[in-house]
Amino acid sequence: MSNVVVFCESQNGKVKKGSLELLSAARGAGKNIVAIGLGPAAKETTDELAHYGAKNVMLCSDEKLSNYNPQLYLAAMLEALKDLDFEVLLASSSVLARDLFPRLAAKLEAAVTSDCTELDLNSGLQVRRPMYAGKCTAQVDFKDSAKKIILMRPNQLPVGSVDNSATAEVSEFALPAVDLKTIVKEVVKGASEKIDLTEANIIVSGGRGLKEAANFKMLEDLADTLGATVGASRAVCDAGWVPHSMQVGQTGKTVAPTLYIAVGISGAIQHLAGMNGSKVIVAINNDPEAPIFQKATYGIVGDAFEVVPKLTEEFKKLLN
Amino acid sequence: MRVYVCIKQVPDTETKIKLNADKSYIDTTGIKWVMNPYDEYAVEEALKYKQSHPSANVTVVSLGPKKRVTEALRTALAMGADDALLIDAPETLDSFATAKSLAQAIKNEEAPHLIFTGKLAIDDNASSVSQQLAEFLGLQHTTVVSKLEVGTNEVTLEREIEGGSREVVQLLGPAVIGANKGLNQPRYASLPGIMKAKKKPLKEIELSSLGVTESDSKLNYTNFALPPEKPPVKILEGDAGAQAESLAKLLREEAKVI
């Protein structure tokens, strides 16, 4: 049974959903899973990692890994992997992973591919990913001899059942000494403490149809009801209504939530590319000819200012 | 003092992607190629640096099919870069081989003070070359940078992380910076700039002279597919109240997503 390494991230003491999906996929394929967790918080997650299939858990709980530092995280990963026999390393395609793993791939002379949407570990290795921000997809063929680092987009694979009796062998390794030349001075919290757009399960996005910046409040209310993250079209980001970090599209963030609600967004090609991977798409727009309706599962032709508050009410009724 | 900017050419964001006959790649007929939007921020940041440090020489570097890539390099030269390196290579090189080639081309020149790249290219969205280039050169690196101050021996910058949060990072020594939107407002090439660009030095480099071949790629893309056709949209009728009610019901009972 070959080793599959799963790099696991956690938040508030819980393993992130994207990491659980990967553990589940590897367990389902009968792989021997070595989970790696970095930072003091990872220690709290060892039971959960075992319950989802990790047979070995390697931890580096050094305080210096509390926040991401590329030099330290790279040193820790190289240390963890130095004597480990593996061919495939899986990680969720998070902001951290997309920064860290290309570096690791350079060091290990490994293949690395990010943002993948399909993964099959059962018969050989099958991986697909979006290209041109989702305008098409492609199969990723790896060079046989290379180690393969695969970063999967969250919300693409099912989370398996939890086995509370499962245990793992836990080991702790020390962080090697590093001559620090990259110094993270400060982390400035954003306006939103919510889950990032790229990892969100539900997204509510607004466009020019909202008429002005202040009307995003209406979307925030809707998003709060659903536990969703708020996104936006390029037009309104460029107009300065909301920060660029909220932009969904080819020159913003490519997203693939379970539910995407587009309010007052007409659907430019580059926006559609960025959200086309969403499982269910709802379009609310007063123009029945808007291109967004061609991609939508459900459409409401109507005035967003009337529909959205009603929708918030309906969701409240349903979810309380 | 040498500043490098690595740029790539990509299909314009308005491009409708079609596939070639055997689905081994996209159909490039009629595609309008442009400089990767994030690379424009990288070029602009290098030019801003040159404005405050007139002794700096800005070299733009690109890798890809010669004819097309020349166009992107001329654009950067027209914006104000001093000279260009063109690595003639097939567009199928992966991030690893690309970063390796760029690193070797830069190693063959004057040592870098700063290197700018875009945070990613909007064609394959791999966001790997910038980090790997830094590793191959043994330099510090930060990507998704939206604010930058260059000191004598260090740079201080802000990068965007999750949920709109930002990190303030200091890099000691020469560094590679991956530019994000918001870092600056890229200038347009002026007409005199375009005229001047034609005479600026553009050095052509063979991939093999860098010790890299296509077989250095660790992966390649095959079996392209267009997204599956979506079934026609279900338009919900009635007034706002009725529409909202049926949507909530459908999302719960039919789509099962809430």
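Because the structure is a prediction, the values reported are computed rather than measured.

Here we come to the overall build of chain B. The number of helices and strands found in chain B is six helices and 13 strands. Considered along the principal axes of its C-alpha atoms, chain B spans approximately 70 × 45 × 40 Å. Relative to its 258 residues, chain B shows a buried fraction of 57%. Of the accessible surface of chain B, which amounts to about 11100 Å², a share of 53% is contributed by carbon and sulfur atoms. Considering chain B, the positive charge centre built from 31 side chains and the negative charge centre built from 35 side chains are found 3 Å apart.

This brings us to the pattern of salt bridges. Side chains carrying opposite charge are able to pair once their charged atoms draw close together. For the structure shown, the criterion picks out 32 salt bridges over all chains. B:Arg159 is the partner of A:Asp99 in a salt bridge, and the nearest nitrogen-oxygen pair spans 3.7 Å. Of this pair, A:Asp99 sits in helix α4 (residues 95–108) while B:Arg159 sits in strand β8 (residues 154–160), which puts the two residues in different chains. For the pair A:Asp99 and B:Arg159, a shared accessibility class is recorded, and that class is buried. Of the charged contacts in the structure, one is a salt bridge between B:Arg2 and B:Glu109, with a shortest N-O distance of 3.1 Å. Highlighted residues: B:Arg2 in strand β1 (residues 2–7) and B:Glu109 in the loop between α3 (95–107) and β6 (112–118), separated in sequence by 107 residues. Judged by relative accessible area, B:Arg2 falls into the buried class, the value being 10%. Here the salt bridges do not stand alone but share partners, grouping A:Asp99, A:Arg103, A:Lys107, B:Glu135, B:Arg159 and B:Glu167 into one network.

Let's shift gears to the side chain of B:Ser62. Residue and element names in this part refer to chain B. Relative to the helices and strands, serine 62 is located in strand β4 (residues 57–64). Relative accessible area serves as the criterion here: at 0%, serine 62 is assigned to the buried category. Among all residues touching serine 62, those that are not within four sequence positions of it are Ile7, Lys8, Val69, Leu73, Leu85, Leu86 and Ile87.

Here the focus is helix α3 (residues 70–81) of chain A. Residue and element names in this part refer to chain A. Its twelve residues place the ends of α3 16 Å apart at the C-alpha level, agreeing with the 16 Å of an ideal helix rising 1.5 Å per residue. Extensive coverage of α3 is indicated by the burial of ten of its twelve residues. Along α3, the residues that are buried comprise Pro70, Gln71, Leu72, Tyr73, Leu74, Ala75, Ala76, Met77, Ala80 and Leu81. In this structure asparagine 69 caps α3, since a side-chain oxygen of it lies 2.9 Å from the backbone nitrogen of glutamine 71.

Turning next to the domain arrangement of chain A. Residue and element names in this part refer to chain A. Taken domain by domain, chain A consists of domain 1 (3–172) and domain 2 (197–319). On a C-alpha basis, the centres of domain 1 and domain 2 stand 31 Å from each other. Across the contact, eleven residues belong to domain 1 and twelve residues belong to domain 2. Around 1000 Å² of area is buried between domain 1 and domain 2 when both sides are counted, 45% of it from carbon and sulfur atoms. Our count for the contact surface shared by domain 1 and domain 2 stands at one salt bridge. The partner of lysine 16 in a salt bridge is glutamate 199, and the shortest N-O contact between them spans 3.4 Å. Residue classes in the side of domain 1 that touches domain 2 are distributed as three nonpolar, four polar and four charged.

Turning to the interface of chain A and chain B, a few remarks are in order. At the junction of the two partners, chain A supplies 90 residues and chain B supplies 78 residues. Interface area, chain A with chain B, both sides summed: about 7200 Å², of which 54% is carbon and sulfur. Where chain A touches chain B, the interface holds seven salt bridges. The interface formed by chain A and chain B holds 37 residue pairs in polar contact (both at pLDDT 80 or more) in total. Here the residues of the side of chain A that touches chain B sort into 40 nonpolar, 24 polar and 26 charged. Sheet analysis places strand β10 (residues 136–142) of chain A next to strand β12 (residues 219–225) of chain B, joined by five bridges and oriented antiparallel. The partner of A:Phe142 across the bridge, within β12(B), is B:Leu219.

The rules behind these values
Residues numbered from 1 in each chain as written. Chains lettered and ligands numbered in written order. Predicted model: local features only at pLDDT ≥ 70, side-chain atom pairs only at ≥ 80, totals over all residues. Heavy atoms only, no water. Helix = DSSP H or I, 4+ residues; strand = E, 2+ residues; numbered from the N terminus. Buried < 20%, exposed > 50% of the residue type's maximum accessible area, 1.4 Å probe, protein only. Areas by Shrake-Rupley, 256 points an atom, 1.4 Å probe, with all protein chains shown as cover. Lys, Arg positive; Asp, Glu negative; His and termini not counted. Charge placed at Lys NZ, Arg CZ, Asp CG, Glu CD. Salt bridge = Lys/Arg side-chain N within 4 Å of Asp/Glu carboxyl O. Contact = heavy atoms within 4.5 Å. Expected span 1.5 Å × (residues − 1). Polar contact = N/O pair within 3.5 Å; in protein donor to acceptor, adjacent residues only side chain to side chain. Domains from an automatic or database assignment. Buried area = accessible area lost by both parts, 1.4 Å probe. Nonpolar A, V, L, I, M, F, W, Y, C, P; charged D, E, K, R; others polar. Pairing = 2+ DSSP bridges.

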